[in-house]
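Inside the fold
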Amino acid sequence: MGMYLDSIAPYDRYKTIFEDLYFVDKSALLEELFPELGREQRFFCITRPRRFGKTVMANMTAAFFGKARDSHCMFDSLKIAQSKEYEKYINRYSLIYIDFSETPKGCSCYQDYIARIEEGICRDLIEAYPQLELQREKAVWDILSLIFERTEQKFFFVMDEWDAIFHMSFVCEADKREYLLFLKQLLKGKSYVEFAYMTGILPIAKYSDGSELNMFLEYDMSAKIRFGEYFGFLESEADMLYERYAANTKKIRITREELAQWYDGYHTALGECLYNPRSVVSALSNNQLAGYWTGSGTYDSVFYYIRNNIEAVREDLGLMVSGERVEMRIQEYAATSQELETKDQIYSAMVVYGLLTYENGEVFIPNKELMMKYEEMLLNKESLGYIYRLAKISSKMLKATIEGDTQTMAEILQYAHNTETPVLSYNHETELSAVVSLVYLSARDKYNIEREDKAGKGFVDFIFYPKRKNQDCIILELKVNHSSEEALCQIKEKGYAMRFQGKIAEIPEYSGRILAVGIGYSTKTKEHACSVEWLR
């Protein structure tokens with residue numbers, strides 16, 4: 001057993017996940033691999049955004065197929081044990097596991113990085129086959145070929161985060177080409193490869209536009225149906241985890257509805273809902289809804305992707321933060337570009353990295369957890385121009401609303417309109433809704449804001465649900481070419497307050513009031529009007 005060959009580390013890491021309260025059995029994926037072992041199409045690359053279980057599944061694959069440890073103690077109780085070929089494949093292979101995100105201590109050049117991997121595999125092989133008198137100075141693929149020729153031994157490869165190198169600061173373009181050549185020489189056309197299972201975020205095809213790695217079958221989240229259900233939590237799996245949470249938590253602080261609002265919003269290629277698995281487990285384990293999308297570096301920053309062409313996406317950001325969707329043509333390979341220029345390139349990269357989700361030709365912000373990152377950016381990046389300025393005045397807008405200062409409210413909306421940007425054209429209420437979302441952005445610290453919520457006899461544009469029992473609820477209705485008084489009347493006539501009153505029980509000893517807010521805009525006069533009235 002070595003650091004790469006027949007390492008016990010993947011087994012140990014998967015066992016830790018297996019024993020966790022919020023473990024989800026995804027072992028059925030393994031059965032899909034059985035028919036491909038030893039066949040021509042035995043090279044699989046599965047790409048997903050960060051935090052979608054790629055490493056967990058890589059560890060599972062290694063723990064099952066590898067012979068470093070007898071893993072029956074785990075897999076006998078999982079779905080894969082029901083397969084007729086279960087015993088045929090479990091713990092049967094010499095397995096080489098490579099985590100490409102790991103680097104040598106103080107690594108500052110590609111040669112040190114790749115030498116750690118090559119020399120480590122060679123060392124493990126020489127120790128495992130002393131009778132063959134293998135020579136350390138030979139290339140790792142030559143040593144593997146020699147072992148196969150003399151023993152007919154084949155190897156199962158599991159390689160996690162194949163694209164990690166492309167995010168390392170010391171790597172240049174020549175290094176990237178050399179790295180692709182290394183993978184080709186290690187894997188392509190080699191009889192000693194029983195199977196190669198590889199994971200990453202970025203697609204292979206962009207980098208390997210020639211023949212280096214064209215033996216790999218690639219499976220992404222947005223376009224490829226196969227394996228879609230194994231990465232991320234399905235609705236039924238989220239239900240199951242929530243039941244465990246409810247049964248094992250003394251003071252429940254998370255509702256099932258809130259879990260979906262915060263961490264759902266992604267989709268498989270078949271359109272099935274997917275939850276961010278890491279965030280769900282973190283929230284349930286901590287008994288706290290929060291933003292767990294942190295800690296993975298520059299590529300998690302929304303601003304990283306838009307910084308080179310803010311003008312192209314500024315209006316769309318205003319719409320998406322208000323809950324709207326934006327049409328786009330996905331360009332998956334654009335994610336590998338260092339200079340994202342067009343909107344399609346920018347949004348494609350953000351989809352690949354999980355900062356947006358894609359469905360039916362549209363992109364949008366998937367959930368509340370990600371929305372927080374967008375809100376943070378809007379409040380802190382002056383280069384966003386008018387979007388930033390609208391977000392910054394949002395605290396003033398909330399204060400004026402609570403105080404019934406309709407003149408200040410109208411002045412702020414007029415200021416927003418005078419920025420003369422397409423998102424504020426007010427051709428219909430979508431644009432007006434986007435503006436309202438921006439000028440009330442800071443209210444999200446105190447309220448859970450829901451748009452077009454079913455309320456009373458119809459749908460209301462916004463309901464601001466208070467996070468504390470002494471805050472006031474706000475019900476807001478928008479009207480284009482209708483007066484603010486008409487908007488106010490609609491709130492009362494259609495009983496929109498009923499929606500909030502139904503939730504009062506969820507806020508113990510609620511003592512706040514309900515404020516109705518009507519906002520009207522005239523396309524003829526280009527003016528706004530606001531009306532407010534306390535309903536209780």
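Just so it is clear, the structure is predicted and the values come from calculations on it, not from any experiment. (Residues numbered from 1 in each chain as written. Predicted model: local features only at pLDDT ≥ 70, side-chain atom pairs only at ≥ 80, totals over all residues. Heavy atoms only, no water.)

Description of the overall build of the protein
Short version of the rule: A run of H or I in DSSP becomes a helix once it reaches four residues, and a run of E becomes a strand once it reaches two; helices and strands are each numbered from the N terminus. Burial here depends on accessible area, computed with a 1.4 Å probe over protein chains only, as a share of the maximum for the residue type. Under 20% is buried, over 50% is exposed, and the range in between is partly exposed. Note on contacts: a residue pair qualifies if any of its non-hydrogen atoms lie within 4.5 Å across the two residues. In this description, accessible areas are obtained by the Shrake-Rupley approach with a 1.4 Å probe, and a residue is regarded as covered only by the protein chains that are shown.
The helix and strand tally for the protein stands at 22 helices and 15 strands. By the burial criterion, 56% of the 536 residues in the protein qualify as buried. Expressed as a percentage of contacts within the protein between residues at least 6 apart in sequence, the contacts between residues at least 24 apart total 70%. Looking at the protein as shown, the accessible area adds up to about 23,200 Å², and 46% of this sits on carbon and sulfur atoms.

Section: the packing of helix α14 (residues 310–321) against helix α15 (residues 343–352)
We count it as follows: To define axes, lines are fitted to C-alpha atoms, for helices over the stretch in contact only, and angles between the resulting N-to-C directions are given on a 0 to 180 degree scale. Oblique is the label for every angle not falling under 35 degrees (roughly parallel), over 145 degrees (roughly antiparallel), or within 65 to 115 degrees (roughly perpendicular). In the scheme used here, Gly and all other residues not listed as nonpolar or charged are polar, with Ala, Val, Leu, Ile, Met, Phe, Trp, Tyr, Cys and Pro taken as nonpolar and Asp, Glu, Lys and Arg as charged.
The interhelical angle for the contact between α14 and α15, taken along N-to-C directions, is 50 degrees, at an axis separation of 10 Å. In terms of orientation, α14 and α15 fall into the oblique class. Within the contact between the two elements, α14 uses A312, V313, D316 and M320 and α15 uses K343, I346 and Y347. Split into classes, the residues belonging to the contact of α14 with α15 amount to five nonpolar, no polar and two charged.

Side note on the sheet that holds strand β9 (residues 357–359)
The test is simple: We treat two strands as partners when DSSP finds at least two bridges between them.
Read across the open sheet, the three strands follow the order β8-β10-β9; overall the sheet is antiparallel. In the strand order of this sheet, the two ends are held by β8 (326–327) and β9, each with one partner. Pairing between β8 and strand β10 (residues 362–364): two bridges, direction antiparallel. Within β10, the position partnered with E327 by the bridge is E362.

Re the environment of C530
Topologically, C530 is positioned in strand β15 (residues 527–534). Residues contacting C530, with those up to four places away along its chain left out, are T406, M409, A410, L413, S484, G518 and I519.

Focus on the pattern of salt bridges
Put simply, the rule is: The rule for a salt bridge is simple: a side-chain nitrogen of Lys or Arg has to be within 4 Å of a carboxyl oxygen of Asp or Glu.
Tallied over the entire structure, the rule returns 15 salt bridges. Here R226 makes a salt bridge to E32, at a shortest N to O gap of 3.1 Å. Linking R226 in the loop between β5 (217–219) and α10 (235–248) with E32 in helix α2 (residues 28–33), this pair joins segments that are 194 residues apart in sequence. Taking relative accessible area as the criterion, R226 reaches 27% and is therefore assigned partly exposed. Overall, E32 belongs to the partly exposed group, its relative accessible area being 23%. Note that R256 and D239 form a salt bridge whose closest N and O atoms lie 2.8 Å from each other. Residue R256 is found in helix α11 (residues 256–263), and its partner D239 is found in helix α10; the two are separated by 17 residues along the sequence. Overall, the relative accessible area of 19% leaves R256 in the buried class. The partly exposed category is assigned to D239, whose relative accessible area is 33%. Through salt bridges with shared partners, one network takes in E32, E36 and R226.

Here's the deal with the packing of aromatic side chains
Basically, it comes down to this: Aromatic rings from Phe, Tyr and Trp, with only the six-membered ring used for Trp, were paired whenever their centres fell within 6.5 Å, and each pair was classed as stacked if the ring planes differed by under 30 degrees, edge-to-face if by over 60, and tilted otherwise. The criterion is that NZ of a Lys, or CZ of an Arg, lies within 6 Å of the ring centre and within 35 degrees of the ring normal, and then a charge sits over that ring.
Scanning all chains against the criterion turns up 34 aromatic pairs. Taking 5.9 Å as the distance between ring centres and 25 degrees as the angle between the ring planes, the aromatic pair formed by F34 and F64 counts as stacked. Taken together, the residues F34 in the loop between α2 and β1 (43–47) and F64 in helix α3 (residues 54–65) connect sequence positions 30 residues apart. Given the relative accessible area of 0%, F64 is considered buried. For the pair F64 and Y86, a centre-to-centre distance of 5.9 Å together with 40 degrees between the ring planes defines the contact as tilted. Here F64, found in helix α3, pairs with Y86, found in helix α5 (residues 86–89); they are 22 residues apart in sequence, far enough to count as distant. Residue classification places Y86 among the buried positions, given a relative accessible area of 4%. Here the guanidinium or amino end of R325 rests over the ring plane of F364, the centre of that ring lying 3.8 Å away.

A few points about α14
So the rule is basically this: Expected span of a helix, by definition, is 1.5 Å for each gap between consecutive residues, and there is one gap fewer than residues.
A rise of 1.5 Å per residue sets the reference length of α14, with its twelve residues, at 16 Å; its end C-alpha atoms lie 15 Å apart and thus fit the reference within 8%. The buried count for α14 comes to ten of twelve residues, which makes it a mostly enclosed element. For α14, every residue scored as buried is listed here: I310, V313, R314, E315, D316, L317, G318, L319, M320 and V321. Of the residues one or two after α14, G323 is the one with positive phi, at around 100 degrees.

Structural notes on the pairing of strand β14 (residues 514–522)
For a regular strand, the rule is simple: side chains alternate between the two faces of the sheet. Across the nine residues of β14, eight count as buried, placing the element largely inside the fold. Bridge count between strand β13 (residues 473–480) and β14: eight bridges; the pairing is parallel. Bridge assignment links E477 to a residue of β14, and that residue is G518. By the bridge criterion, eight bridges tie β14 to β15 in an arrangement that is antiparallel. Directly across from S522, in β15, lies its bridge partner E527. Count of turn residues in the β14/β15 antiparallel hairpin: four residues, of which K526 carries a positive phi of about 60 degrees.

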